[in-house]
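# Survey of secondary and tertiary structure
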Amino acid sequence: MTIDIGANDVLIVVDMQYDFLPGGPLGAPGADHIIPLINALATRFANVVLTQDWHPPGHVSLASSHPGRQPFETIELSYGPQVLWPDHCLWGTHGAEISAEIVIPHAQLIIRKGYNRDVDSYSGFQEADRKTHTGLAGYLKERAIDRVFVTGVATDFCVGWTALDAQSAGLQTAVIEDATRGIDTNGSMHRAWANMTTAGINRLQSNDILAA
Ligand SMILES: [Zn+2]
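A short tour of the structure in this document, coming up. (Residues numbered from 1 in each chain as written. Predicted model: local features only at pLDDT ≥ 70, side-chain atom pairs only at ≥ 80, totals over all residues. Heavy atoms only, no water.)

## Concerning the overall build of the protein chain
Heads up, the condition is: Helix numbering and strand numbering both begin at the N terminus, where a helix is a DSSP run of H or I of at least 4 residues and a strand a DSSP run of E of at least 2. When we talk radius of gyration, it's over C-alpha atoms, and the globule rule is simply 2.2 Å times the number of residues to the 0.38. Burial classes: relative accessible area under 20% of the type maximum marks a residue as buried, over 50% as exposed, and values in between as partly exposed (1.4 Å probe, protein chains only). Areas reported here follow the Shrake-Rupley algorithm with a probe of radius 1.4 Å; residue values treat only the protein chains shown as occluding. In this count, Lys and Arg are taken as positive residues and Asp and Glu as negative ones, while His and the chain termini are left out. Positions of charges follow a simple convention, taking NZ of Lys, CZ of Arg, CG of Asp or CD of Glu.
The secondary structure content of the protein chain amounts to five helices and eight strands. Mapped in sequence order, the helices and strands of the protein chain form the string β-α-β-β-β-β-α-β-α-β-α-β-α. Its C-alpha radius of gyration of 16 Å places the protein chain within 12% of the 17 Å reference for a compact globule of 212 residues. In terms of principal-axis extent, the alpha carbons of the protein chain reach across some 50 × 35 × 30 Å. Looking at the protein chain as a whole, 51% of its 212 residues qualify as buried. For the protein chain, the accessible surface area stands at approximately 9,200 Å², while carbon and sulfur atoms represent 52% of it. Of the side-chain charges in the protein chain, 13 are positive and 23 negative, and the distance between the mean point of each set is 4 Å.

Here it is in structure tokens:
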């Protein structure tokens, strides 16, 4: 299958920040290897949006904000279950920066998410309370974009939730599998792909686009 990319398509590059790369506190194994692929894919798209996980000190998703809790435990919050993470992507830190090896000068928009202290946001579209919107769906709609291709990290969290919300927003959505990497805690990788498949999200490989 080869896919021609056009003016109504967008590439979303999720959270390619130092803290999610190998060596970071939440490094997705092999995430550094997808950088050249993402850069190559981006040259095929006129429209590119980046997301950036962006937390204030004391953010609700951090285990360090909950005395006695450990990273990767799940707790119940007002909006549902929340996995607790090691400290990551704190405002103004080096780890929160998007890797300098991501070279996409024509990227038009950076959506920061998770900046509300009491709500996490895996998705680039909607926070974890499933009520607060980031504005990304409206932005894409105003730009007449109707197909979304998702890359980045982590497949089983921010990539997956972003893809599911894009599809729910009425956008035809695909995840470019080999341009993503996962964290895979407690079966999360298997669950994410099952949910995406059920939702009708296409599972592509980068060659489906690069070979066109
Ligand atoms: Zn986060």
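Moving on from the model shown.
## Points about the coordination of the zinc ion
Reference values for angles at a metal are 109.5 degrees in the four-donor tetrahedral case and 90 or 180 degrees in the six-donor octahedral case. The cut-off we apply is this: Excluding water, the donors of a metal are its N, O and S neighbours within 2.8 Å, or within 3.2 Å for Na, K and Ca, and that exclusion means sites may look incomplete.
Distances from the zinc ion to its protein donors, Asp53 (OD), His55 (NE2) and His88 (NE2), fall at 1.9 to 2.1 Å. Going along the chain, you hit the donors of the zinc ion in the pattern D-x1-H-x32-H. Classification of Asp53 as buried rests on a relative accessible area of 3%.

## Notes on the packing of helix 3 (residues 155–168) against helix 4 (residues 188–198)
Convention followed: Every axis corresponds to a line fitted to the C-alpha atoms, with the helix fit spanning only the stretch in contact, and the corresponding angles, defined between N-to-C directions, vary from 0 to 180 degrees. These descriptions rest on fixed angle ranges, namely under 35 degrees for roughly parallel, over 145 for roughly antiparallel, 65 to 115 for roughly perpendicular, and the rest for oblique. Contacts between residues were defined by any pair of non-hydrogen atoms, one from each residue, lying within 4.5 Å. Basically, the charged four are Asp, Glu, Lys and Arg, the nonpolar ten are Ala, Val, Leu, Ile, Met, Phe, Trp, Tyr, Cys and Pro, and anything else, Gly included, counts as polar.
Packing of helix 3 against helix 4 brings their axes to within 9 Å, and their N-to-C directions diverge by 10°. Judged by the inter-axis angle, helix 3 sits roughly parallel to helix 4. Counting all contacts with helix 3, which are made through Thr155, Asp156, Phe157, Gly160, Ala163 and Leu164, the residues of helix 4 involved are Ser188, Met189, Ala192, Trp193, Asn195 and Met196. The class makeup of the residues in the contact of helix 3 with helix 4 is seven nonpolar, four polar and one charged.

## What about the sheet that holds strand 7 (residues 172–181)?
Selection rule: The criterion for strand pairing is that DSSP finds at least two bridges linking the strands in question.
The six strands are arranged 5-2-1-6-7-8 in an open sheet whose pairing can be described as parallel. Only two strands of the sheet have a single neighbouring strand rather than two, namely strand 5 (109–113) and strand 8 (202–204). Strand after strand, the sheet turns through a mean of 25° between neighbouring axes, direction not considered. Bridge count between strand 7 and strand 8: three bridges; the pairing is parallel.

## Some details on the pairing of strand 1 (residues 9–14)
A regular strand carries its side chains on alternate faces of the sheet. Convention followed: Clockwise travel from the first strand over the helix to the second, with the strands pointing away from the viewer, marks a crossover as right-handed.
Across the six residues that make up strand 1, a large majority, six, are buried. By the alternation rule, side chains of strand 1 split into Asp9, Leu11 and Val13 and Val10, Ile12 and Val14, which are all buried. Bridging between strand 1 and strand 2 (residues 48–53) involves four bridges; their strand directions are parallel. What sits directly across from Val14, in strand 2, is Thr51. With helix 1 (residues 35–42) bridging strand 1 and the parallel strand 2, this β-α-β connection has right-handed handedness.

## Quick notes on the nonpolar core
Rules: The criterion is simple. A nonpolar core is a set of buried Ala, Val, Leu, Ile, Met, Phe, Trp, Tyr and Cys residues joined through side-chain atoms within 4.5 Å.
If you look at the biggest cluster of nonpolar residues, it comprises 56 residues, and the most contacted ones within it are Leu11, Met16 and Phe149. Listing elements by their share of this core, those giving two or more residues are strand 1, helix 1, strand 2, helix 2 (136–142), strand 6 (147–153), helix 3, strand 7 and helix 4. If we skip the residues at most four places from it in the chain, Met16 touches Leu21, Ala31, Ile34, Ile35, Ile38, Glu97, Ile98, Ser99, Ile102, Gly152 and Val153. Judged by nonpolar contacts, the second largest core, of eight residues, contains Val60, Ala63, Leu84 and Ala128.

## Remarks on unusual backbone geometry
The amide bond that connects Val153 to the next residue, Ala154, takes the cis arrangement and shows omega of -15°. Tracing the backbone shows Ala154 in the loop between strand 6 and helix 3. With a phi close to 55°, Asp15 is a non-glycine residue in the positive phi region. Checked against the element boundaries, Asp15 lands in the loop between strand 1 and helix 1. Residue class for Asp15 comes out buried when judged on its relative accessible area of 0%.

## Points about the pairing of strand 6
For strand 6, a buried count of six out of seven residues is recorded, marking the element as mostly surrounded by other parts of the structure. Two elements, strand 1 and strand 6, share six bridges in a ladder whose sense is parallel. Residue pairing for strand 6: Leu11 is matched across the bridge by Phe149. Pairing analysis gives six bridges linking strand 6 to strand 7, with the strands arranged parallel. For Val153, the partnering residue across the bridge sits in strand 7 and is Arg181. Viewed along the sheet, the connection from strand 6 through helix 3 into strand 7 turns out right-handed.

No statement about biological role is implied by the geometric values presented.
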